[in-house]
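So the chains spell out like this:
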Amino acid sequence: MARFSGANHYRFLILWCCLFCILLLCFITNHSLLTNDDRRPRWSKGWEQRLRSSAHPRSSSGATVLVTGAAGFIGSHVAVALKNRGDGVVGLDNFNRYYDTRLKRARQAKLETAGVFIVDGDINDREIVKKLFNLIKFSHLVHLAAQAGVRHAMKDPSSYIDSNISGFVSLLEVICKYAKPLPAIIWASSSSVYGLHSKVPFSETNRTDQPASLYAATKKAGEEIAHTYNHIYGLSITGLRFFTVYGPWGRPDMAYFSFTKNILKGKPIEIYEGGKGGVIARDFTYIDDIVKGCLAALDTAEKSGGGKRRTAAQLRVYNLGNTSPVEVGRLVSLLERLLKVKARRVAKAMPKNGDVMYTSANISLAEKELGYKPTTDLKSGLDKFVKWYLRYYNQSTVN
């Protein structure tokens with residue numbers, strides 16, 4: 001049998017190394033194309049027509065709104081509500097994989113039925129955002145795109161910086177440089193900014209300099225970023241601090257959603273307790289009430305003035321909650337009654353994962369200036385959620 005000489009063997013190894021490098025380069029190039037260029041919308045005439053049609057309000061007095069995070073829980077509800085009342089609405093969402101994208105695509109289908117077109121793109125992609133503002137004269141931006149979830153920040157901290165800080169700045173930069181006119185901005189902050197503050201109910205005047213999680217820290221940073229762009233560029237900006245939003249089409253990572261899933265499957269559910277038997281309670285706020293608050297913030301937002309504005313541009317922040325905190329154990333009891341299934345409860349000490357013991361909203365400012373008044377109690381809201389859940393997942397209440 002013929003044997004390779006030392007020189008031939010060396011050439012053979014070099015050849016295979018070269019082939020391997022070429023194949024690796026082809027893979028990386030192809031992957032880059034699939035994950036970047038192919039995510040960008042094709043700027044075809046038909047695509048632009050869909051965009052313009054979606055953005056067109058029914059009357060000349062209607063708003064023209066860009067909703068980021070439109071395939072998300074709150075974003076999808078807000079987009080539909082705006083469209084249903086006659087506003088022009090365009091959505092923007094990157095359909096990330098933080099939770100099941102099939103739910104996000106189902107929301108997208110629901111929005112398309114309502115006449116809302118969602119652009120598949122990221123707020124960090126300045127070319128997409130720039131193109132949208134070049135094509136459409138948006139009067140308002142409802143910025144709801146964000147990396148959500150308190151606990152997930154311990155697993156993937158960079159995603160929170162990328163979306164909640166870098167993404168927000170990138171979006172504002174494009175607006176300030178290319179949007180004509182400058183839109184009024186309504187954006188999602190969070191009740192998490194109150195962090196370790198112990199005085200309840202939480203008021204907008206309370207300190208927010210002790211965040212308990214990275215998620216909270218990024219939302220607090222967002223409020224400071226909003227202040228900066230309001231001061232320098234004259235942007236009209238309203239921040240909304242949402243309190244534990246729940247309801248149909250919700251997020252699977254939320255407690256009420258995962259509890260429902262596990263109760264129906266007969267799996268144990270973990271109920272956290274604080275030190276010395278302290279209970280965990282949340283100011284659960286139904287999605288329809290949150291939507292009303294968002295629309296009220298949009299309707300009362302002043303126009304952005306730009307850098308030549310002589311008076312200070314509008315800068316606001318509001319709590320949107322329900323004002324009736326409920327213990328997590330009570331939440332489980334209500335789900336048991338609605339599902340007609342007994343939960344397998346497992347009590348556990350609350351880990352240091354960024355969660356806080358208690359949230360409660362003082363909404364007097366939103367009541368006074370927005371006319372905000374939540375009307376849905378937890379039992380009624382959970383009843384609507386459970387009916388949606390069973391219908392969407394085609395389940396019965398029998399294990």
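Structure: above.
Residues numbered from 1 in each chain as written. Predicted model: local features only at pLDDT ≥ 70, side-chain atom pairs only at ≥ 80, totals over all residues. Heavy atoms only, no water.

Peer 1: Could you give an account of the pattern of salt bridges, with specific residues and numbers?
Peer 2: Applying the stated criterion across every chain, the model contains 14 salt bridges. Ionic pairing is found between Arg-105 and Asp-120, a salt bridge with its closest N-O pair at 3.2 Å. Separated by 15 residues along the polypeptide, Arg-105 in helix 4 (residues 101–114) and Asp-120 in strand 3 (residues 117–120) bring together distant segments of the chain. Residue Glu-224 pairs with Lys-220 through a salt bridge whose shortest N-O separation is 3.0 Å. Highlighted residues: Glu-224 and Lys-220, both in helix 7 (residues 214–233), separated by four residues, approximately one helical turn. Under the relative-accessibility criterion, Glu-224 is labelled partly exposed at 42%. (Salt bridge = Lys/Arg side-chain N within 4 Å of Asp/Glu carboxyl O. Helix = DSSP H or I, 4+ residues; strand = E, 2+ residues; numbered from the N terminus. Buried < 20%, exposed > 50% of the residue type's maximum accessible area, 1.4 Å probe, protein only.)

Peer 1: Now, about the side chain of Glu-204: what can you tell me, with residues and values included?
Peer 2: Here Glu-204 is to be found in the loop between strand 5 (184–188) and helix 7. The side chain of Glu-204 is buried and forms no salt bridge, while Arg-241, the nearest opposite charge, is found at 6.2 Å. Within the structure, Glu-204 has its side chain in polar contact with the backbone nitrogen of Asn-319 (distance 2.8 Å). Among residues more than four places away in sequence, those in contact with Glu-204 are Tyr-194, Arg-241, Val-317, Tyr-318, Asn-319, Asn-362 and Leu-365. (Lys, Arg positive; Asp, Glu negative; His and termini not counted. Polar contact = N/O pair within 3.5 Å; in protein donor to acceptor, adjacent residues only side chain to side chain. Contact = heavy atoms within 4.5 Å.)

Peer 1: Tell me what's going on with the packing of aromatic side chains, and back it up with residues and numbers.
Peer 2: Per the counting criterion, the structure on display carries 27 aromatic pairs. Seen in terms of ring centroids, Tyr-98 and Tyr-99 are 6.0 Å apart; in terms of plane orientation they differ by 65°. Their pairing is edge-to-face. Taking relative accessible area as the criterion, Tyr-98 reaches 22% and is therefore assigned partly exposed. Taking relative accessible area as the criterion, Tyr-99 reaches 10% and is therefore assigned buried. With a centroid separation of 6.5 Å and an interplanar angle of 70°, the aromatic rings of Trp-388 and Tyr-389 are classed as edge-to-face. One aromatic cluster in this structure is built from Tyr-246, Trp-249, Tyr-256, Phe-257, Phe-284, Tyr-286, Phe-385, Trp-388, Tyr-389, Tyr-392 and Tyr-393. Lying across the ring of Tyr-99, Lys-104 places its NZ or CZ 4.6 Å from the centre. When the ring centre of Phe-95 is taken as reference, the NZ or CZ atom of Arg-105 above it lies at 3.6 Å. (Phe/Tyr/Trp six-rings, centres within 6.5 Å; stacked < 30°, edge-to-face > 60°. Lys NZ or Arg CZ within 6 Å of the ring centre and 35° of its normal.)

Peer 1: How would you summarise the side chain of Glu-223 if you had to cite specific residues and measurements?
Peer 2: Within the secondary structure, Glu-223 is located in helix 7. For Glu-223, a relative accessible area of 14% translates into the label buried. Engagement of the side chain of Glu-223 in a polar contact is seen with the side chain of Ser-189, the distance being 2.7 Å.

Peer 1: Could you give me a rundown of unusual backbone geometry, with the residues and numbers involved?
Peer 2: With an omega dihedral of 5°, the bond running from Lys-180 to Pro-181 counts as a cis peptide bond. Secondary-structure assignment places Pro-181 in the loop between helix 6 (157–178) and strand 5. Here the bond from Val-200 into Pro-201 is cis, since omega is 0°, no more than 30 degrees from zero. With respect to the helices, strands and loops of the structure, Pro-201 is situated in the loop between strand 5 and helix 7. The backbone phi angle of Thr-323 is positive, close to 70°, even though this residue is not glycine. You can see Thr-323 is positioned in the loop between strand 11 (315–320) and strand 12 (326–327). The class for Thr-323 is partly exposed, based on a relative accessible area of 38%. In this model, Lys-340 sits at a positive phi of 60°, which is unusual for a non-glycine residue. With respect to the helices and strands, Lys-340 occurs in the loop between helix 10 (328–339) and strand 13 (344–349).

Peer 1: Mind laying out helix 5 (residues 126–135), listing which residues take part and the relevant values?
Peer 2: For helix 5, every residue scored as buried is listed here: Ile-128, Val-129, Leu-132, Phe-133 and Leu-135. Looking straight down helix 5, one finds that the buried residues subtend no more than 165° of arc, so they occupy a single side. Measuring from the side-chain oxygen of the N-cap residue of helix 5 to the backbone nitrogen of Glu-127 gives 3.2 Å; that N-cap residue is Asp-125. (Arc of directions from axis to C-beta.)

Peer 1: Talk me through a nonpolar patch on the surface; I want residue IDs and the actual numbers.
Peer 2: On the surface, a cluster of nonpolar side chains totalling about 230 Å² of accessible area is made up of Val-200, Met-357 and Tyr-358. Since its relative accessible area comes to 39%, Val-200 is described here as partly exposed. (Patch = residues over 30% accessible without salt bridge, like charges linked within 9 Å, V, L, I, M, F, W, Y side chains within 5 Å. Areas by Shrake-Rupley, 256 points an atom, 1.4 Å probe, with all protein chains shown as cover.)

Peer 1: Residue-level account of the sheet that holds strand 5, with values.
Peer 2: Overall, parallel pairing links the seven strands, which are arranged 3-2-1-4-5-6-11 in an open sheet. Because the sheet does not close on itself, it has two edges, and the strands there are strand 3 and strand 11. Averaged over all adjacent pairs, the angle separating strand axes in this sheet is 20°, with direction ignored. Examined bridge by bridge, strand 1 (residues 64–68) and strand 4 (residues 140–143) share four bridges and lie parallel to one another. Bridge pairing in strand 4 links Val-65 to His-140. Seen against the sheet, helix 6 touches strand 1, strand 4 and strand 5 and runs at an angle of roughly 175° to strand 4. (Pairing = 2+ DSSP bridges. Axes fitted to C-alpha atoms, helices over the stretch in contact; angles between N-to-C directions.)

Geometric descriptors of this kind do not, in isolation, establish any biological role.
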